[in-house]
Amino acid sequence: MRLRNIPRAKQVIEASPTVIQNPESCLGRWHDIFGNQNPIQIEIGMGKGRFLTELAKKNPDINYIGIEKYTSVLLRAVEKLGEETLPNLYFICMFAENLEKVFAKEELDRVYLNFSDPWPKDRHQKRRLTSRNYLSLYEKILKKDGLLEFKTDNLALFDFSLAEIPAAGWKLLAQTKDLHHDPLGARNIMTEYEERFSEKGNPICKLIAQKG
């Protein structure tokens, strides 16, 4: 996906109190940053932030961190939040492959992946955020019995993910290929992409996996 550069994005992001400017300095210190010992959960590829912002509002006793690599997309999340600040929510602009530089061993409780890039070509399998390559990375920063929740409308990516979970030594706890007509979707919070895809009649897939 090619995103246009927005010149003001850098300035707006740097001025936002919700965006952590030097995340590597927070390694192993996230509970201090939040000022409590509540569980910490992250979303990788947070987009415009709707999903994570709603989670943060509904669960004040859980800390959330949204990760987005594109400044032009993170800008939308910051602007959507506006003047509102939530004490249990921060954003980071970074690449997922750098997670170990920002989060210490077993520092997190849960990882959310929503409508990640499917990287459809076989030679790009390792780039998929549900590949065993990334699952190994999540395993290091998640606590014992930490969870991964993944949603997508891409059936090929979902089937790939279902195969990668046991191959990486993880345990599949739940899965559905029609979330909006499944008990698993009872407390579902939709992302912007999810709403768009659902309106087109695309079934939404979801899985929940536990660290091995």
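In what follows, the accompanying structure is described. Bear in mind that the values here come from a model prediction, so they are computed numbers and not experimental data. (Residues numbered from 1 in each chain as written. Predicted model: local features only at pLDDT ≥ 70, side-chain atom pairs only at ≥ 80, totals over all residues. Heavy atoms only, no water.)

## Examining the packing of aromatic side chains
A full pass over the atoms with the stated rule returns eight aromatic pairs. Aromatic pair Phe150 and Phe158: ring centres 6.4 Å apart, planes at 20°, arrangement stacked. For the residue pair Phe150 and Phe158, the accessibility class agrees, reading buried in each case. Positioned over the ring face of Phe160 is Arg128, at 4.5 Å from the centre of the ring. (Phe/Tyr/Trp six-rings, centres within 6.5 Å; stacked < 30°, edge-to-face > 60°. Buried < 20%, exposed > 50% of the residue type's maximum accessible area, 1.4 Å probe, protein only. Lys NZ or Arg CZ within 6 Å of the ring centre and 35° of its normal.)

## A short note on the sheet that holds strand S1 (residues 40-44)
In space, the seven strands of this open sheet follow the order S3-S2-S1-S4-S5-S7-S6, with mixed pairing throughout. Strands at the two margins of the open sheet, each flanked by one partner only, are strand S3 (89-93) and strand S6 (171-176). Strand-to-strand twist of the sheet, defined as the mean angle between neighbouring strand axes without regard to direction, takes the value 15°. Most of the contacts of helix H4 (residues 71-81) go to S3, to which it runs at about 160°, and overall it touches strand S2 (63-68) and S3. Each of strand S5 (142-152), S6 and strand S7 (205-210) touches helix H7 (residues 155-167); the most contacted strand, S7, lies at about 15° to it. (Pairing = 2+ DSSP bridges. Helix = DSSP H or I, 4+ residues; strand = E, 2+ residues; numbered from the N terminus. Axes fitted to C-alpha atoms, helices over the stretch in contact; angles between N-to-C directions. Contact = heavy atoms within 4.5 Å.)

## Description of unusual backbone geometry
Peptide bonds are, in most cases, trans, and in most cases residues other than glycine have a negative phi. Phi at Glu106 is positive, roughly 55°, even though this residue is not glycine. If you trace the backbone, Glu106 turns up in the loop between helix H5 (99-102) and strand S4 (108-114). Here Asp145, not a glycine, exhibits a phi torsion of approximately 65°, which is positive.

## Considerations on the nonpolar core
Core analysis: the biggest nonpolar cluster contains 37 residues, and Trp30, Ile44, Leu99, Phe103 and Tyr138 have the highest contact counts within it. Beyond its immediate sequence surroundings of up to four residues, Leu99 is in contact with Ile42, Ile44, Ile67, Met94, Leu137, Tyr138 and Ile141. In this structure, Phe51, Leu55, Ala77 and Tyr112 belong to the second largest nonpolar core, which totals 18 residues. (Core = buried A, V, L, I, M, F, W, Y, C linked by side-chain atoms within 4.5 Å.)

## Remarks on helix H8 (residues 192-199)
Every buried residue belonging to H8 is among Glu192, Glu194 and Phe197, and all of these are buried. Buried positions along H8 lie against helix H3 (50-58), H4 and S5. At the N-terminal boundary of H8, the capping side chain belongs to Thr191, with an oxygen 3.4 Å from the backbone nitrogen of Tyr193. Immediately downstream of H8, the backbone of Gly201 shows phi near 90°, a positive value. (Polar contact = N/O pair within 3.5 Å; in protein donor to acceptor, adjacent residues only side chain to side chain.)

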